[in-house]
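# Commentary on secondary and tertiary structure
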Amino acid sequence: MVYTMLCNLGLGIVAMILHESAHAMMAELLGVEVKRVLLCYRGVAIVREPGACFDNIVISLAGPVLNLVVALVLWPLLPTFALANLIMGVVNLLPMKHT
C-alpha cells in the first residue's frame, strides 16, 4: 500500500513538471522571458516577464492542454498517470482567486 501511494505521488509530481514545462516552453516560444521555476508550498510555478494579452492566454492554457492531451493519449496504456494528468489539467482550468 505504501509503495502504491509513493508511486502515485511520483506520477503526480511528473504531471506537475510536465505542466509547468509546457507553460515555460510556450513562454519561450512566444518570446516571453522565463526568469525561474519555483517549488513552493503551493506547488510548482514559473516566474516570467509579463507578455501581451494574447500571449498570456496562450501561456496559461499550455499547461492544462498538455495535461489533457497526455491523459487522452495515455489512458489505455497508463491509466493512473493519465488520471493524474486529467486531474491536473481540469483543476488548472478552474477559476481561482489570487493566482
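Residues numbered from 1 in each chain as written. Predicted model: local features only at pLDDT ≥ 70, side-chain atom pairs only at ≥ 80, totals over all residues. Heavy atoms only, no water.

### Describing the pattern of salt bridges
Pairs can form between side chains of opposite charge whenever their charged atoms are close. Applied cut-off: We define a salt bridge as a contact between a side-chain nitrogen of Lys or Arg and a carboxyl oxygen of Asp or Glu at a distance within 4 Å. Helix and strand assignments come from DSSP, with helices taken as H or I runs of at least 4 residues and strands as E runs of at least 2, each series counted from the N terminus. The buried label applies to any residue whose accessible area, calculated with a 1.4 Å probe on protein chains only, is under 20% of its type's maximum; exposed applies above 50%, and partly exposed to all values in between.
One pass over the full model with this rule turns up one salt bridge. Linking K35 and E49 is a salt bridge whose minimum nitrogen-to-oxygen distance equals 2.8 Å. Of this pair, K35 sits in strand β1 (residues 34–40) while E49 sits in the loop between β2 (43–48) and α2 (53–74), and the two are 14 residues apart along the sequence. Its relative accessible area of 46% is what places K35 among the partly exposed residues. E49 sits in the partly exposed class, given a relative accessible area of 28%.

### Here's the deal with the side chain of H23
Short version of the rule: By the criterion applied in these results, polar contacts are pairs of N or O atoms within 3.5 Å in which, for protein atoms, one can donate a hydrogen and the other can accept it, and in which residues neighboring in sequence qualify only through two side-chain atoms. It only takes one pair of heavy atoms within 4.5 Å for two residues to be counted as in contact.
Structurally, the position occupied by H23 is in helix α1 (residues 2–29). Within the local environment of H23, its side chain forms a polar contact with the side chain of H19, the two groups lying 3.0 Å apart. Filtering out sequence-adjacent residues up to four positions away, H23 remains in contact with I46, I59, S60, A62, G63 and P64.

### A word on α1
Under the convention used in this document: To estimate how far a helix should reach, multiply one less than its number of residues by 1.5 Å.
Compared with an ideal rise of 1.5 Å per residue, which puts 28 residues at 40 Å, α1 spans 40 Å between its outermost C-alpha atoms and is within 8% of the ideal. Against the buried residues of α1 lie β1, β2, α2 and α3 (79–93). G31, located one to two residues past α1, shows a positive phi value of around 80 degrees.

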